[in-house]
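Spelled out, the chains give:
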Amino acid sequence: MIRLLDSDQWEEIFDSLTRNKARTFLTAFGIFWGVFMLILLMGGGKGLETMLSSNFAGSASNSGFMISNQTTVAYHGFSKGRYWNIKLQDAASLKNNIPEIDIATPTVRYWGASAKYNNKSSRVGLIGEYTDYAVVDNPRIIKGRALNDVDVLQSRKVCVIGTKIMNELFPNGENPCGKFIDVNNIYYQIVGVSGKKGGINVGSSPESTVHLPYTTMQNLYNKGDNVDILCLTAKSNHKMSDVQYKVEQYLKRVHDISPDDTQALMKINTEAIYSMIDNLFTGISILVWMIGLGTLFSGAIGVSNIMIVTVKERTTEIGIRRAIGATPRNILSMILTESIVLTLLAGMSGIVLAVLILQVMEAALSDPTLEAHFQIDFNLAIGAASLLTLLGVAAGLAPALRAMNIKPVDAMREE
Amino acid sequence: MIHLRNINKTYNNGTPLHVLKGIDLDIKKGEFVAIMGASGSGKSTLLNILGILDNYDEGEYILADTLIKNLSETKAADYRNRLIGFIFQSFNLISFKDAVENVALPLFYQGVSRRKRNALALEYLDKVGLKDWAHHYPNELSGGQKQRVAIARALITQPKIILADEPTGALDSKTTIEVLDLLDELHRQGMTIIVVTHELDVGKRADRIINIIDGQVFTGKSEYQENGKTK
């Protein structure tokens, strides 16, 4: 009979655990540390993941980018090394020819411009875009408004700027909306500020990008119908890599490029990047589990070892108990409960401390534009606690069986 | 009370050692018996068998009308708890429990509630004259006091017999007398007591001395008895 609810049993356990405080503490520390590390690493991994994925938030996860490049294979009478461009009309005809495409939006780019306001300046990249570009790369407007269709239609000289530009040109925190900035000697009125940070971007980083209406930039920079980067998103349940393959076939056919030319058309695909990041996190979490469980396991072995030593030391005591009427089962349950209590106490304090630290990290590292969730969820904590109980039983089993086999005569022999 | 018939016991540690060679023994209720013998004579083995701490190979052991043979560990523990009170040479108190807790421990294994068994333990400590020492730990007690605590522990389950293994072996002459007086007192109250000893002073107090020589009960007069009578 295992009398778990008997207060005497608890007192017995308390007695024997407190009798050798240093040893109990060191044993408990093994378990404590294992659980602490496991929970902390899991929380940390999760926090890292949410932080990184909040970086990517705003980039469509199934978008692709097509960039024309010099040809490397002679084809259809053209020599190799020819310069060519994706054309504006390609974007429209692609959508008609490939039904899996959701959006095909052309952009024009300019890298290494300088934006000035009063006597301050900032290095910027320019992008001329249609309004549907927002689907590919959400600007996350934090001040003013996004570019709209009328801006594009009327080729207005308006712009949306990134946060780094705002901070460099308007360091005193004044509202940049309505102000005119000088970008390469042309003035644009700021209509909004994009709050997007980091993430997947082709071209300049979003913090130092000036967004212009497509037509404005097309005219001012003499782009004609040349497209710098064609941006695509696939309809749901179509893979971007498949869509991009079709787009590639189409463009190569239209522009007389050899199907064997692998260099003439550059393809960038967020799906691949996302799956790479996914794999990275899977790898990290496998590592976390391995380290955490490994530490926990060695902690359990530590408990088991100490319990075996304890049982050896207590041979006389156990013998006395047996002589005056303790059944083998009494002894088994005594040692097992001791082990479980030790593991649970240590493990619980590990969980509590790790949760506290994660809470502090979450509070310290989260800000309105960057969310980070470090805290582990409740079910995981429950799971950890049940795992601990199991570990306690497993760790206590060998020493308990050994204790059970102590004969009462051993008490008298041991002198 | 105790009825032993042709008890044989052999230890098989490498070379077989035939320790008990057909012990026949009867001890009546209320008797005070001393088992004496040189070391290696088998008296400790006999005590272990009497105390259900060890099994025997052949024969028959009946304790309080119960046949004690091939018992399971659990059953043996139960009989030890209810029928036998042990007193050891080295006291065998549990060091991290105070006197009351030590005395009450056998009742813990009977499932008696804490309040009840502590009250009873205090009563028995009073009987051995240690009421004031109830909450002292064994290392705060003298040898005689420790042995008296052990006696209280042996008595608390109201056993049929008291088995004492060299109860005065670790005591000085003064406390030896105290402890023996206590055993005498128990004897007068009608308790069956079996003492294993090689001390003559202890043997002299018994109603009867059983000499074990070479694993057999020696029926003739031993030197102990000779000396005991002449002195």
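Refer to the preceding data block for the structure.
Report on the accompanying structure. All values reported here derive from a predicted model rather than from experimental measurement.

Here the focus is the overall build of chain A. Per the secondary structure count, chain A includes 13 helices and twelve strands. Counting only residues that meet the buried cut, chain A has 49% of its 415 residues in that class.

Next up on the list: the overall build of chain B. The helix and strand tally for chain B stands at eight helices and ten strands. Taken across its 231 residues, chain B has 53% of its residues classed as buried. Taking contacts inside chain B between residues at least 6 apart in sequence as the whole, the part at least 24 apart equals 71%. In the structure as shown, chain B presents an accessible area of about 10500 Å², 46% of it carried by carbon and sulfur atoms.

Before going further, it helps to examine the nonpolar core. Ile31, Val35, Ile39, Ile318 and Ile335 of chain A are the most contacted members of the largest nonpolar core, which totals 46 residues. Broken down by secondary-structure element, the contributors of at least two residues to this core are helix H1 (7-19), helix H2 (21-56), helix H9 (270-313), helix H10 (315-323), helix H11 (328-365) and helix H12 (378-404) of chain A together with helix H3 (99-108) of chain B. The element that contributes the greatest number of residues to this core is H11 of chain A, accounting for eleven residues. Counting residues in hydrophobic clusters, the runner-up holds 43 residues, among them Ile165, Met240, Tyr250 and Ile257 of chain A.

A few words on the pairing of strand S3 (residues 32-36) of chain B. Residue and element names in this part refer to chain B. Burial analysis of S3 places five of its five residues in the buried class, which makes it a mostly covered element. Burial of the side chains of S3 extends over both faces: Phe32, Ala34 and Met36 are buried on one face and Val33 and Ile35 on the other. Note that S3 and strand S8 (residues 192-197) share five bridges and pair parallel. Each bridged residue has a counterpart across the sheet, and for Ala34 the counterpart in S8 is Val195. In terms of strand pairing, S3 meets strand S9 (residues 208-213) through four bridges, oriented parallel. Its bridge partner lying in S9, Ile35 is registered against Ile210.

Turning our eyes to something else, we now look at the sheet that holds strand S1 (residues 2-13) of chain B. Residue and element names in this part refer to chain B. Judged by pairing direction, the sheet is antiparallel, and its four strands sit side by side in the order S2-S1-S4-S5 without closing on themselves. In the strand order of this sheet, the two ends are held by strand S2 (15-27) and strand S5 (66-67), each with one partner. Judged from the five bridges that link them, S1 and strand S4 (residues 58-63) form a sheet pairing that is antiparallel. Its bridge partner being in S4, Asn8 is matched across the sheet by Glu58. Packed on one face of the sheet, helix H1 (residues 43-50) meets S1, S2 and S4 and runs near 120° to S1.

Located in the positive-phi region is Ser155 of chain A, a residue other than glycine, with phi close to 50°. Of note, Ser155 of chain A is situated in the loop between helix H5 (149-153) and strand S6 (158-162). For Ser155 of chain A, a relative accessible area of 25% corresponds to the partly exposed category. Here the phi dihedral of Glu166 of chain B falls at roughly 45°; this positive angle occurs in a residue that is not glycine. Counting through the fold element by element, Glu166 of chain B comes out in the loop between strand S7 (161-165) and helix H6 (173-188).

On the side of chain A, 27 residues touch chain B, which itself brings 24 residues to the contact. When chain B packs against chain A, the two sides together hide about 2400 Å² of surface, and 57% of this comes from carbon and sulfur. For chain B, the biggest contributors to the area lost against chain A are Phe96, Phe108 and Tyr109 of chain B; these three give 29% of the whole. Linking chain B with chain A are two salt bridges, by the criterion used here. Between Lys407 of chain A and Glu73 of chain B there is a salt bridge; the shortest N-O distance is 3.6 Å. The interface formed by chain B and chain A includes five residue pairs in polar contact (both at pLDDT 80 or more). Class assignment for the residues of the side of chain B that touches chain A results in eleven nonpolar, six polar and seven charged.

To continue, consider the environment of Asn85 of chain A. Residues and elements named next belong to chain A. One can find Asn85 in the loop between strand S1 (63-68) and strand S2 (86-87). A C-alpha to C-alpha distance of 9.5 Å links Asn85 and Ile229, two positions 144 residues apart in sequence. If near-sequence neighbours (up to four positions away) are discounted, Asn85 is found in contact with Ser68, Asn226, Val227 and His255.

Here we come to the packing of H10 of chain A against H11 of chain A. Residues and elements named next belong to chain A. At a minimum axis separation of 9 Å, H10 and H11 run at an interaxial angle of 140°. As far as their axial angle goes, H11 and H10 are oblique. Seen from above, H10 lies across H11 with right-handed handedness. On the side of H10, the interface is formed by Glu317, Ile318, Arg321 and Arg322, while H11 contributes Pro328, Ile331 and Met334. When grouped by side-chain class, the residues that make up the contact of H10 with H11 number four nonpolar, no polar and three charged.

This brings us to the pattern of salt bridges. If you walk through the whole model with that rule in mind, you get 23 salt bridges over all chains. A salt bridge links Lys196 of chain A to Asp137 of chain A, with the shortest nitrogen-to-oxygen separation between them at 3.0 Å. Of this pair, Lys196 of chain A sits in the loop between strand S8 (186-194) and strand S9 (209-213) while Asp137 of chain A sits in the loop between helix H4 (133-136) and strand S5 (141-144), and the two are 59 residues apart along the sequence. You'll find Lys196 of chain A and Asp137 of chain A in the same group, each marked buried. A salt bridge links Asp26 of chain B to Arg5 of chain B; the shortest N-O distance between them is 3.0 Å. Of this pair, Asp26 of chain B sits in strand S2 while Arg5 of chain B is found in strand S1, placing the two residues 21 residues apart along the sequence. The class of Asp26 of chain B is partly exposed, set by a relative accessible area of 37%. Look at the salt bridges and you will find they share partners, linking Arg314, Glu317, Arg321 and Glu338 of chain A into a network.

The rules behind these values
Residues numbered from 1 in each chain as written. Chains lettered and ligands numbered in written order. Predicted model: local features only at pLDDT ≥ 70, side-chain atom pairs only at ≥ 80, totals over all residues. Heavy atoms only, no water. Helix = DSSP H or I, 4+ residues; strand = E, 2+ residues; numbered from the N terminus. Buried < 20%, exposed > 50% of the residue type's maximum accessible area, 1.4 Å probe, protein only. Contact = heavy atoms within 4.5 Å. Areas by Shrake-Rupley, 256 points an atom, 1.4 Å probe, with all protein chains shown as cover. Core = buried A, V, L, I, M, F, W, Y, C linked by side-chain atoms within 4.5 Å. Pairing = 2+ DSSP bridges. Axes fitted to C-alpha atoms, helices over the stretch in contact; angles between N-to-C directions. Buried area = accessible area lost by both parts, 1.4 Å probe. Salt bridge = Lys/Arg side-chain N within 4 Å of Asp/Glu carboxyl O. Polar contact = N/O pair within 3.5 Å; in protein donor to acceptor, adjacent residues only side chain to side chain. Nonpolar A, V, L, I, M, F, W, Y, C, P; charged D, E, K, R; others polar. Parallel < 35°, antiparallel > 145°, perpendicular 65-115°, else oblique. Left-handed = near helix turned anticlockwise from the far one by under 90°.

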